Every structure is written in C-alpha cells, then in structure tokens.
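Summary of structural features
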Amino acid sequence: MTAPAGRIPEQTRGTGPAAPGAHGDTARRAAEDRAAADQDAGERAGGERAGAEPAETGRSRRRFLRALLVAGVGAAAVGGAMIEDVLPGGDRLRRAVGMTGPDGTVPAVEPGPVRTVQLASKARGRRIELSIVSPPGSAPGADLPVCLALHGRGGSAAALLDLGLPQFLAAATAKGVPPFHLVAVDGGETSYWHRRTPGDDPMAMLLDEVPGWLTARGLAAPTGVLGISMGGSGALQYARARDGGLAAAALLSPALFTSWSAARPVDAYQDEADWLAHEPLRHLDRPLTRRLAVWCGTEDPFCPAARKLADRAAETHFPRGAHTDGFWRRVLPDATAFLGQALARRP
C-alpha cells in the first residue's frame, strides 16, 4: 500500500521555531571561545618550553584554526537543524538516512471472524470483494457498530487484510476497546474514491450499495470510516456526503493536495475542475463527522496538507514516520482504539 515512487509530489515543510537555531549559535560561540583559549594556552606553554614563536605567526595560526572550527561546527549545526526541521528539507534528509521512526508490527493474536464475499457492483461496473472483519467471539452479523475501511492507491480490500486489520481489531478489543465491525471493500486502484472514469463510481457504491449489502448480512449501516492514504481522501469525501452523520473518522496519512499543481502529477483527478469538486481540503466548510482523528508522519510528503485538518480534528498526531505500511502498523493500535471509543459514543 506504499505509494509508488515518484507518484507523490515532493513537498517541504515550513521553517520551524527559532529556538533550536539560537541554541546552536550559542553552542558554536562557546566552542569557538574554548578552542581559542585552549590554543592560546598551548602556545604559551610551548613558548615557555621551546621559546616563543613570532607574534604574527601565532595570530595567523589562531585565525586559521578558528576558521576550521567555525566551518566544522557550522556544518554540524546546519545538518542538525535540517534533521530537526529548523531548516527546510529536513524531512527529505531524515527519509534519506532512515530516521523515520520504527515500523509497527502485526499483533501476535488470534483474529476474529473474517468473511469475504464477491459482489456485482452496478456503480463500479464490475465484481468487487467485500470483507467483514469482526472481533473475536462475535458472529459476522453481531449487532455492533460498523466502520468502513478504505484502502490506499494500488490497494484493495485484501490489502487491508494483509496489513493486519483483523489482528489489530482483535488486539484492541482484548484490551477493552468497545467492539465493532470493520468492512473493507474494493474501491479501485487509482480512483481516489470518486468517479474518476465513466462507469466506475466507488463513492456511489459506498453510499448506495454498501448499506444494502450489509443489511442482507445482518449488519447496520456504517457510522464510522477508516481511511489510509488515498482512502483518507475517500473517507473525508464519504463523511461530507453523509452530511455530518458519521460518529467518527480516522485518517492515516491522508493523500490530500493543497493545489492543483500538486495533484496533477498523481493523475488522481480528470482535470482541475474534478479536483476542485472532490478535494477534501477545498470543502472544509461542510460538515464532516462528530469526531475526526488524523495520523501522519513528519517525513510523509502529505504531512503539510494533513496539518490543515488540525482545526477540524478532535485529535491530530504527527510523529516521525513515512508513507509506509510500517508507519500505518505503528499507529493502527491508537486509531483502532479511537474508533472503538467514538463509535460506542464514549469520551
């Protein structure tokens, strides 16, 4: 489910607070002073032992050594500032050196029931797979809240199962998180969960067909949505279409675009008008959901866009992390807990 290389437009973070830079300047000046003092003391001691060298030679040497020290300390300060995001480009540097935080792992627990069926979708003009993930000890049709799970670009319902959703749900409920069903469905590899091409409308499938499919299997209509990457965009579009009727939405590395120039290379939309109509960041004035939570890694090119949801979210989390399965597995325990509590209408 990792976004293909070269597909996500590079973005850089803004300049951070000035405090780390100021601290670096202070440390550099202190180091310079100490080095100059040590050099002077060494020259004096050497002069006493072997006779003082000419004053001009001593001053030139001190200036040369001080310049070397300034260059070395300055380079270290710049590198450290980039890594800590004081200067632009720190996110790219951390990705290059692998400083994106640890990968999460699938919990070593027995998952609950998983039922996968193939269905004919008129909205999508093809057969699709729908998977119902239930917590351990419950039947697939148990009277529990239902949360849609929307996959990312190049993914499918099966990819979410491979990511470990059944195990994450089982581990959460074992820790006391209120149980719920997760329902994953195929939305198309590059659809961005809207009618990207004629005859294929995954959003219409979610709104018009999924409720009936769930009712036929003894499940309630969805009251929550989990979206990963492209699925994060889809989750916000779905929440907007539900006109604020959802109890909760959890977004993991949502693939959002702050401008048409950023969206165009990804080929997620037919044209600028299509982007304007469906890009969630263009419609934040509309009702979304009662509780929204966002997780996105600071080394993820989508992080600057994800931060624009902060004013609308009940929770935002921006730890070290890239746009990878490893990051999503790291944060899924928290996202699953958030959804369980919100769907049960607990604080």
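Values in this document were obtained by computation on a predicted structure and should not be read as measured data. (Residues numbered from 1 in each chain as written. Predicted model: local features only at pLDDT ≥ 70, side-chain atom pairs only at ≥ 80, totals over all residues. Heavy atoms only, no water.)

1. Some thoughts on the side chain of Glu 279
Mapping Glu 279 onto the fold places it in the loop between helix H9 (272–278) and strand E7 (289–295). For the buried residue Glu 279, which engages in no salt bridge, the nearest side chain bearing the opposite charge is Arg 282, 7.9 Å off. Not counting residues up to four positions away in its chain, the partners in contact with Glu 279 are Leu 256, Phe 257 and Tyr 269. (Helix = DSSP H or I, 4+ residues; strand = E, 2+ residues; numbered from the N terminus. Buried < 20%, exposed > 50% of the residue type's maximum accessible area, 1.4 Å probe, protein only. Lys, Arg positive; Asp, Glu negative; His and termini not counted. Salt bridge = Lys/Arg side-chain N within 4 Å of Asp/Glu carboxyl O. Contact = heavy atoms within 4.5 Å.)

2. Details of the side chain of Arg 240
Along the chain, Arg 240 falls in helix H7 (residues 230–241). The side chain of Arg 240 is buried and forms no salt bridge, while Asp 285, the nearest opposite charge, is found at 7.3 Å. Each residue touching Arg 240, except ones within four places of it in the same chain, is listed here: Ala 277, His 278, His 283, Arg 286, Pro 287 and Leu 288.

3. Some details on the packing of helix H5 (residues 165–174) against helix H11 (residues 325–343)
Interhelical geometry of H5 versus H11 gives an angle of 45 degrees and a closest axis separation of 9 Å. Classified by the interaxial angle, the pair formed by H5 and H11 is oblique. The handedness of the crossing between H5 and H11 is right-handed. When H5 is examined against H11, the residues Leu 165, Phe 168, Leu 169 and Ala 172 are found in contact with a partner set consisting of Arg 329, Leu 332, Pro 333 and Thr 336. In terms of residue class, the contact of H5 with H11 is built from 6 nonpolar, 1 polar and 1 charged. (Axes fitted to C-alpha atoms, helices over the stretch in contact; angles between N-to-C directions. Parallel < 35°, antiparallel > 145°, perpendicular 65-115°, else oblique. Left-handed = near helix turned anticlockwise from the far one by under 90°. Nonpolar A, V, L, I, M, F, W, Y, C, P; charged D, E, K, R; others polar.)

4. Quick notes on the sheet that holds strand E1 (residues 114–121)
Spatial strand order, E1-E2-E4-E3-E5-E6-E7-E8: 8 strands in an open sheet with mixed pairing. Every other strand in the sheet has two partners, leaving E1 and strand E8 (315–317) as the edge strands with one partner each. Across the sheet, the axes of successive neighbouring strands diverge by a mean angle of 20 degrees, strand direction being ignored. Where strand E3 (residues 146–150) meets strand E5 (residues 224–228), 4 bridges bridge the pair, whose relative direction is parallel. Across the sheet, the residue bridging to Leu 150 is Gly 227, located in E5. Where helix H6 (residues 202–215) meets the sheet, its contacts fall on E1, strand E2 (126–133), E3 and strand E4 (181–185), and the angle it forms with E1 comes to roughly 125 degrees. Along the sheet, H11 contacts E3, E5, strand E6 (246–252), E7 and E8; its crossing angle with E6, the most-contacted strand, is approximately 175 degrees. (Pairing = 2+ DSSP bridges.)

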